[in-house]
Amino acid sequence: MDCIFGEDLFRNEIVWWYEKWTDTSRFFQRNHDIVLFYANGPAAKTFTKLYGSLTDRQVALMKTGYNLGSSGGKDIVRVYDRSKIPQSTINGWKAANRAIYDVPTPKGKAMLPSVWPIPVLNSQAKERTGYPTQKPHALLHRVVSASSNKNDMILDPFCGCATICIAAEELQCQWIGIDIGEKATELAQMRMREHLGMLYDGNHRTDIP
Ligand SMILES: C[S@@+](CC[C@H](N)C(=O)[O-])C[C@H]1O[C@@H](n2cnc3c(N)ncnc32)[C@H](O)[C@@H]1O
């Protein structure tokens, strides 16, 4: 990869970590894959911070509000969303002459570490197409959303059953998927139809386009 892209363009080694228990007696369980992240050209400037679910503390504060000193002789309580606070609590604050400030709901925990715990597709997964090397939508959606903006062009020259193409379409990007396998074209077409309601004429060709 360094030879192809240049080592200066290397950004991260990302560990995709998943639970996968098979019986091994001679070595440690192999339950991660490595994603190599390189960036070049205008895309190198795109890096979108991703946010996960709210932290436990944020969830707790949604229900209680939080104190923030005083202003104009009144104690201040800040709330993210009044509809989540019991009316009796709000009445109590008003009775105590406390000022209530509304603040935007937090975004949740920044998901910036280079280790990504994302489950592999199990045999019952709804998104499973039967394509043997299909990757989880959550994994490839994260890749596209971290490094692309709306209307960008996403190319996956080894797209399999088009997981990246689906993610790109959802994120309002343009996309091109290529795969050598005839089955891949058939499944990509099926997924476009079923997941995105798109009708397109996928065409499998074996000559070089
Ligand atoms: C790891 S799979 C991709 C899986 C895909 N991300 C998904 O979620 O379905 C790699 C794909 O590369 C394709 N492939 C291998 N050699 C190729 C080539 N020379 N040209 C185009 N596709 C190729 C295989 O058919 C396979 O579908």
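Relevant structure appears above.
Fair warning: this is a prediction, and the values are worked out from it, not measured in the lab. (Residues numbered from 1 in each chain as written. Predicted model: local features only at pLDDT ≥ 70, side-chain atom pairs only at ≥ 80, totals over all residues. Heavy atoms only, no water.)

Quick word on the site of the ligand
Logical step 1: Taken together, 13 residues lie around the ligand, and Tyr131, Lys135, Cys161, Thr163 and Asp179 are the ones closest in.
Logical step 2: In the environment of the ligand, an oxygen atom lies 2.6 Å from a nitrogen or oxygen atom belonging to the side chain of Thr163.
Logical step 3: In the model, a nitrogen atom of the ligand is placed 3.0 Å from a nitrogen or oxygen of the Ile180 main chain.
Logical step 4: Burial of the ligand by the protein amounts to 69% of the accessible area it has alone, namely 600 Å².
Logical step 5: Taken together, the residues of the shell around the ligand sort by class into 7 nonpolar, 4 polar and 2 charged. (Near = heavy atom within 4 Å. Polar contact = N/O pair within 3.5 Å; in protein donor to acceptor, adjacent residues only side chain to side chain. Areas by Shrake-Rupley, 256 points an atom, 1.4 Å probe, with all protein chains shown as cover. Nonpolar A, V, L, I, M, F, W, Y, C, P; charged D, E, K, R; others polar.)

Describing the nonpolar core
Logical step 1: Core analysis: the largest hydrophobic core is formed by 15 residues, its most contacted members being Trp16, Trp116, Ile118, Leu139, Val144, Ile154 and Ile164.
Logical step 2: When sequence neighbours within four positions are dropped, the list of residues in contact with Ile164 reads Leu140, Val144, Ile154 and Asp156. (Core = buried A, V, L, I, M, F, W, Y, C linked by side-chain atoms within 4.5 Å. Buried < 20%, exposed > 50% of the residue type's maximum accessible area, 1.4 Å probe, protein only. Contact = heavy atoms within 4.5 Å.)

A look at the packing of aromatic side chains
Logical step 1: Counted according to the given criterion, the structure contains 4 aromatic pairs.
Logical step 2: The structure contains a cluster of three or more aromatic residues connected by ring pairs, namely Phe5, Phe10 and Tyr38.
Logical step 3: The ring centre of Phe27 lies 3.9 Å from the NZ or CZ of Arg30, which sits over that ring.
Logical step 4: Of note, Arg142 hangs over the ring of Trp116, and the distance from its end group to the ring centre comes to 5.0 Å. (Phe/Tyr/Trp six-rings, centres within 6.5 Å; stacked < 30°, edge-to-face > 60°. Lys NZ or Arg CZ within 6 Å of the ring centre and 35° of its normal.)

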